[in-house]
Amino acid sequence: MATRRNRTAERARAAAITSVGVLAGGGDAPGMNAVIRAVVRTALGLGWKVHGIRNGFEGLLSPDGVQPLEVESIRGILPQGGSILGASGRANPFELPETERGKTGTRDASERVLARVRELGLDALVVLGGQRTFRIAHRLAEKGLPLVGVPKTISNDVEETVITFGFDTAVATATDALDRLHTTAKSHERVMVVEVTGRETGWIALHAGIAGGADAILIPEVPFDLETICRKVDARYRERRNFAIIVAAEGATPKSGKLLSVGPPEAGRDLRLGGIGAWLAEQLERRTGREARSLALGHLLRGGSPTTFDRLLGTRLGAAAVRLLAAGVLGHMVALRPPQVVSVPLARAAESLRRVPLDGDTVLSARALGISFGDEGVH
Ligand code: F6P
């Protein structure tokens, strides 16, 4: 009886919604199309209309940034990488760059976003994003915009969910690269330093490094000591292994050094990290006398068809996001807490980044296997 009453209430709440929008902020991640497809199919199943918003919040600030999504629009997209709605990390409606009388500054266009959503007749938004997008979404939600979030990033650094979609594909690609680099490193008896993305966290480096059999994994959570890495390399050659594979997260820093970036900071954008791999290879070659090469995998990790895991996760999260809206739960994010997809307040995911726990079993197992993290005293 109670269940029937709940279902009736749910249907009544769902009936209050007639039209929703879906947008993705930040960079693309494999599995985005799976989420969009699940949102569209689930929402159409409830009798709602769905609108796709192009290039994140930018689409709500331009006259032609919104398009209706029908079953036809999403046909065949499940195995496709990228995003049919584009992707953009540029548009923060609270700090929109503008140039007035030769001066560059920012202005707050958040009211325009709210007005546009009303004008389009959207009752709610599904927002795919990482921490930065969720900070914006949370502020918009506080201003009265009805929305739910879906955690998206290859970096896997969103709080409150055990994994974000896109991460599994990125790790698989990085692991494949490490397998390939192993054979050439071995043939040439070289040190290969492989730089992977992940911003201020080391999830991709850690998981791909273990799966790809790296000798050292350098992550932002553990500032490394160059001499410790040199000793690790020397040991490999002393043991007649004659090559070494080192995985460095783009945000990894030496104990006495600073974060390396590509170019100067740009207004309204995250600092572009990179360069640690090349720097490290040069240092290792100079200090150990062993030939070293570096390779930055960069955006390669964001491309390609999503893995089975990411297609499934994206589908579950997209469908669950629509169920949240139907149940009237707003300002929340769907999150994977195996075996279930649950909902958590968006504010928690907007607050901070999820970093690699150094006392977690993955790091402990890596250390037990002899993988160096470049910290003094441990391997
Ligand atoms: O957040 C995902 C990510 O791939 C990071 O790992 C990386 O630092 C960044 O995006 C690259 O961003 P952009 O596409 O702006 O160069």
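Residues numbered from 1 in each chain as written. Predicted model: local features only at pLDDT ≥ 70, side-chain atom pairs only at ≥ 80, totals over all residues. Heavy atoms only, no water.

### Regarding the side chain of Thr-288
Cut-off, in case you're wondering: Secondary structure counts use DSSP, requiring at least four H or I residues in a row for a helix and at least two E residues in a row for a strand, with both numbered from the N terminus. For the exposure calls, accessible area comes from a 1.4 Å probe over protein chains only, and a residue counts as buried if that area is under 20% of its type's maximum, exposed if over 50%, partly exposed in between. For this analysis, a polar contact is any N or O atom pair within 3.5 Å, provided that within protein one partner can donate a hydrogen and the other can accept it, and provided that sequence-adjacent residues contribute only side-chain to side-chain pairs. Note on definitions: a residue-residue contact is assigned when non-hydrogen atoms from the two residues lie within 4.5 Å.
Its place among the elements puts Thr-288 in helix α8 (residues 276–288). Of the residues examined, Thr-288 reaches a relative accessible area of 15% and is grouped as buried. A polar contact is formed between the side chain of Thr-288 and the backbone oxygen of Leu-284, at a distance of 2.6 Å. Polar contacts involving the side chain of Thr-288 include one to the main-chain amide nitrogen of Arg-290, which spans 3.2 Å. Excluding residues that lie within four positions of it along the chain, Thr-288 makes contacts with Cys-230, Val-233 and Asp-234.

### As for the packing of aromatic side chains
Any pair of aromatic rings gets described here by the distance separating the centres and the angle formed by the planes. Heads up, the rule is: Here a pair means two rings of Phe, Tyr or Trp (six-membered ring of Trp) with centres within 6.5 Å. Their orientation is stacked below 30 degrees between planes, edge-to-face above 60, and tilted elsewhere. A ring has a charge above it when a Lys NZ or an Arg CZ is no more than 6 Å from the ring centre and no more than 35 degrees off the ring normal.
Per the stated rule, a full pass over the model turns up zero aromatic pairs. Stacked on the ring of Phe-243, the Lys or Arg Arg-236 has its end atom at 4.9 Å from the ring centre.

### Considering the sheet that holds strand β1 (residues 19–24)
Just so we agree on the cut-off: Each pair of strands is called paired provided DSSP finds at least two bridges between the two strands. To obtain each axis, a line is fitted to C-alpha atoms, and for helices this fit is confined to the stretch in contact; angles are then taken between N-to-C directions over 0 to 180 degrees.
Judged by pairing direction, the sheet is mixed, and its seven strands sit side by side in the order β3-β2-β1-β6-β7-β12-β13 without closing on themselves. One side of each edge strand has no neighbouring strand; the edge strands of this open sheet are β3 (66–69) and β13 (340–345). If you compare each strand with its neighbour and ignore which way they point, the axes differ by 30° on average.

### A closer look at the domain arrangement of the protein chain
For clarity, the cut-off: Domain segmentation is taken from an automatic or database assignment of domains. Two parts placed together each lose some accessible area under a 1.4 Å probe, and adding up what both lose gives the buried area. Salt bridges, as used here, are contacts in which a Lys or Arg side-chain nitrogen is within 4 Å of a carboxyl oxygen on Asp or Glu.
Domain boundaries in the protein chain define domain 1 (2–165 + 306–338) and domain 2 (169–303 + 357–368). For domain 1 and domain 2, the distance between their C-alpha centres works out to 34 Å. Taken together, the contact between domain 1 and domain 2 spans 13 residues of the former and 16 residues of the latter. In total, about 1300 Å² of surface goes out of reach between domain 1 and domain 2, with carbon and sulfur atoms giving 51% of it. Seen at the junction of domain 1 and domain 2, the total is two salt bridges. The partner of Asp-28 in a salt bridge is Arg-302, with the nearest N and O atoms 2.9 Å apart.

### Focus: helix α6 (residues 203–211)
Regarding α6, the residues found buried are Trp-203, Ile-204, Ala-205, Leu-206, Ala-208 and Gly-209. Where α6 terminates, the next one or two residues include Gly-213, which has phi positive at roughly 70°.

### Quick word on the site of the ligand
Where we set the bar: A single heavy atom is enough: if one lies within 4 Å of a molecule or strand, its residue is considered near that molecule or strand. Put simply, Ala, Val, Leu, Ile, Met, Phe, Trp, Tyr, Cys and Pro go in the nonpolar bin, Asp, Glu, Lys and Arg in the charged bin, and everything else, Gly too, in the polar bin.
What surrounds the ligand is the set Thr-153, Ile-154, Ser-155, Thr-197, Gly-198, Arg-199, Glu-250, Arg-269, His-299 and Arg-302. Take Gly-198: an N or O atom from its main chain is 3.0 Å from an oxygen atom of the ligand. Within the side chain of Arg-302, an N or O atom sits 2.9 Å from an oxygen atom of the ligand. Residues belonging to the shell around the ligand are distributed by class as follows: one nonpolar, five polar and four charged.

### Let's talk about the side chain of Thr-307
Its location among the elements puts Thr-307 in the loop between β11 (292–296) and α9 (308–326). Every residue in contact with Thr-307, bar those within four places of it in the chain, is listed here: Asp-168, Thr-169 and Ala-172.

### As for the pairing of strand β6 (residues 124–129)
Here is the key point about a regular strand: its side chains alternate between the two faces of the sheet. We apply this condition: Here the term right-handed applies to a crossover when the path leading from its first strand over the helix to its second strand runs clockwise, the strands being oriented away from the viewer.
The element β6 is extensively covered by neighbouring structure, given that six of its six residues are classed as buried. With burial as the criterion, each face of β6 is covered, one bearing Ala-124, Val-126 and Leu-128 and the other bearing Leu-125, Val-127 and Gly-129. Relative to β6, β1 runs parallel, the two being bridged by five bridges. Note that in β6 the partner of Leu-23 across the bridge is Val-127. Alignment of β6 against strand β7 (residues 147–151), held across five bridges, turns out to be parallel. When the sheet's bridge partners are listed, Val-127 is paired in β7 with Gly-149. Chirality of the crossover, the property in question, places the unit of β6, helix α4 (residues 131–142) and β7 among those that are right-handed.

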